[in-house]
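A closer look at the structure
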Amino acid sequence: LQAQELFDNEWTPKQLKEKQTAIKKAIVEIKKLETAFEEIKSNKMYLGAFEWRIEFPEVLDNEGNFIGFDCVIGNPPYIQLQSMGADSVTLARMGYQSYERTGDIYCLFYELGVNLLKPNYLLSFITSNKWMRAGYGTSMRHYFVEHTNPIQLIDFAGTRIFDSAAVDVNILTLLKQTNKFETDSCSVGNNGFSIDKLSDYFRENMTKMAFHDEESWVILSPIEQSIKRKIEEVGTPLKDWDINIYRGILTGYNEAFIISGDKKAELLAACATKEERVKTDALIRPILRGRDIKRYHYDFADLWLINTHNGVKDKGVSRINIDDYPAIKMHLDQYWDDIVSRADIGDTPYNLRNCAYMDDFNKQKILWAETMRIKRGSNERFPRFTWTDQNILTDKTCFFAIGNDLKYIVGVLNSIIGRYQCKKMVSILDNGGYLMQKIFIEKIILPNIDISYKCKIEDLVNILLQDTLSKNKQEKYEIELDQAICKLYNLTDDEYQFILTETK
């Protein structure tokens with residue numbers, strides 16, 4: 001005890017507090033491990049479990065060794081792993097090659113099903129089709145490519161199969177054998193499809209695909225494969241152009257940091273001096289949400305960000321000191337319990353998280369929403385990109401790009417070719433919307449052209465950016481832009497008409 005007392009006296013109060021906190025945390029972890037160990041010893045964790053080795057003795061040889069099933073068929077559950085808490089952590093430790101923290105448990109069922117198969121035998125599942133394009137499906141696609149031979153894929157994109165489920169589904173059939181990169185594939189549309197005639201529909205619309213794990217798995221008809229080949233021949237993916245793509249501002253608590261124009265006026269009126277008012281006015285910046293961004297324009301909703309940024313050390317920009325802004329401090333103090341506990345926090349609860357590209361909002365830029373939907377009965381077209389040179393911010397529901405040739409890029413992205421590529425490349429949400437994140441948009445291929453033709457495209461974009469353009473003229477110039485850009489890809493009339501039909 002004397003030795004412990006002497007030892008403790010060498011610690012500062014702060015160090016002692018940290019040590020005590022670490023000890024308490026270790027005790028909690030030890031108790032968790034002891035509980036888990038007791039469950040294993042008592043076999044409690046296996047109560048009610050289905051032991052298929054007993055239920056299906058046929059999968060064992062005479063010596064009791066596991067042989068495997070001839071066929072595994074099913075409709076696994078759809079549960080986001082992030083929502084499973086401790087169970088997700090347990091699954092992460094089990095060595096699944098297809099595990100992704102942001103993924104879904106049905107992906108693990110695929111891998112488990114393959115593990116239960118005999119070599120050269122078959123698995124067929126109907127599941128959500130999100131793994132085909134979503135980022136979390138990368139590990140799943142890699143697993144299929146490396147460890148299975150996918151022989152048949154039917155994608156019911158946009159065609160409802162289960163009345164009780166809103167998700168789009170697919171049926172994947174594979175063999176446990178070396179991949180031959182030849183998958184009979186079909187994307188089911190609404191052109192006379194009937195579920196009781198699926199076999200006939202498949203035979204009439206089937207195409208062979210060679211899927212690779214580094215790509216989204218998109219099923220293409222022969223004419224679509226021709227279009228894809230021509231696009232790739234003349235163009236360069238957006239990620240290789242001279243641009244940078246960024247996410248909008250994350251405040252961690254919009255209710256405190258994003259205010260209305262009336263609240264801005266109220267804060268300015270509360271400033272005690274003219275100097276404080278001028279400084280406060282400069283700190284409050286206009287901001288857009290994803291819903292505000294339209295096609296070739298945006299609607300400013302009179303929303304403003306209290307830009308108490310955290311500074312940029314590399315550029316010698318100091319963080320905002322809230323004591324220099326008494327009116328804003330008083331406003332934020334009303335939300336103290338919420339801003340102090342938020343995840344996106346700067347050096348103090350009053351500051352926003354670090355944002356090294358804050359100054360880039362001052363530059364000309366392309367803006368678009370992270371998610372886009374095509375509303376029934378709406379005149380809005382998809383996709384919706386715009387260009388602006390205004391000093392305006394965006395929130396976390398937006399992306400923006402800075403760099404060169406921005407008006408040309410906007411023209412291509414908003415064209416029918418841009419729309420066609422977006423529908424093929426981006427992830428489709430359960431509500432029918434499109435997830436327009438950087439990882440998808442930067443894959444879109446834009447044609448490389450000379451300066452004179454690029455200027456022609458930019459001139460058309462300049463016209464479409466005009467707020468006073470009538471609906472008829474808008475449509476006229478968009479058609480002219482579509483035709484000009486399609487020529488760059490050397491598309492035939494049949495291919496152009498096909499894209500027109502596909503992108504309506």
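Rules used in this analysis
Residues numbered from 1 in each chain as written. Predicted model: local features only at pLDDT ≥ 70, side-chain atom pairs only at ≥ 80, totals over all residues. Heavy atoms only, no water. Helix = DSSP H or I, 4+ residues; strand = E, 2+ residues; numbered from the N terminus. Buried < 20%, exposed > 50% of the residue type's maximum accessible area, 1.4 Å probe, protein only. Contact = heavy atoms within 4.5 Å. Lys, Arg positive; Asp, Glu negative; His and termini not counted. Charge placed at Lys NZ, Arg CZ, Asp CG, Glu CD. Pairing = 2+ DSSP bridges. Core = buried A, V, L, I, M, F, W, Y, C linked by side-chain atoms within 4.5 Å. Salt bridge = Lys/Arg side-chain N within 4 Å of Asp/Glu carboxyl O. Polar contact = N/O pair within 3.5 Å; in protein donor to acceptor, adjacent residues only side chain to side chain.

1. What to know about the overall build of the protein
Helix and strand counts for the protein stand at 19 helices and 19 strands. With the C-alpha coordinates aligned to their principal axes, the bounding extent of the protein is approximately 90 × 90 × 40 Å. When each of the 504 residues of the protein is scored for burial, the buried share is 45%. A separation threshold of at least 6 residues defines the contact pool for the protein, and within that pool the share at least 24 residues apart is 71%. The protein carries 64 positive and 73 negative side-chain charges, and their two centres are separated by 3 Å.

2. Comments concerning the sheet that holds strand β13 (residues 371-372)
Within the open sheet, the three strands sit side by side as β13-β18-β17. Their pairing is antiparallel. Across the chains shown, the open sheet's two edge strands, defined by having one partner strand only, are β13 and β17 (427-428). Strand direction decides the pairing type here: β13 and strand β18 (residues 434-435), joined by two bridges, are antiparallel. Looking at the pairing, M372 lines up with Y434 of β18.

3. Points about unusual backbone geometry
Residue P383 is bonded to the preceding F382 through a cis peptide linkage, with omega at 0°. Residue placement: P383 occurs in the loop between β13 and β14 (385-388). With a phi close to 60°, D405 is a non-glycine residue in the positive phi region. Within the element layout of this structure, D405 appears in the loop between β16 (398-403) and α14 (406-414).

4. Side note on the nonpolar core
With 52 residues, the main nonpolar core has W368, I409, M436 and I441 as its most contacted residues. Per-element accounting of this core gives the leading share, six residues, to α14. If near-sequence neighbours (up to four positions away) are discounted, I409 is found in contact with L238, W241, I243, I366, N404 and L446. Membership of the second largest hydrophobic core comes to 33 residues, among which are W304, L332, Y357 and M358.

5. Considerations on the pattern of salt bridges
A side chain of one charge can pair with a side chain of the opposite charge when the charged atoms of the two come close. Across all of its chains, the model carries 18 salt bridges by this definition. Note that K118 is salt-bridged to D70, the shortest N-O span being 2.8 Å. A residue pair is termed long-range when its members are at least 10 positions apart, and K118 in strand β2 (residues 117-128) and D70 in strand β1 (residues 69-74) qualify at 48 residues. For K118, a relative accessible area of 22% puts it in the partly exposed group. With its nearest N and O atoms 3.0 Å apart, the salt bridge here joins R289 to D292. Judged by relative accessible area, which is 22%, R289 ranks as partly exposed. D292 sits in the buried class, given a relative accessible area of 4%.

6. Re the environment of D213
Residue placement: D213 occurs in the loop between β6 (207-209) and α8 (222-234). Along the backbone, D213 and S260 are 47 residues apart, and their C-alpha atoms lie at a distance of 46 Å. Dropping the residues within four chain positions of it, D213 is found in contact with R141, H142 and V145.

7. Brief notes about the side chain of N179
Checked against the element boundaries, N179 lands in the loop between β4 (169-175) and β5 (183-187). Side-chain polar atoms of N179 contact the backbone oxygen of V145, separated by 3.3 Å. N179 has contacts with F144, V145, T148, N149 and P150, leaving out every residue within four places of it along the chain.

Purely geometric numbers; function is a separate question.
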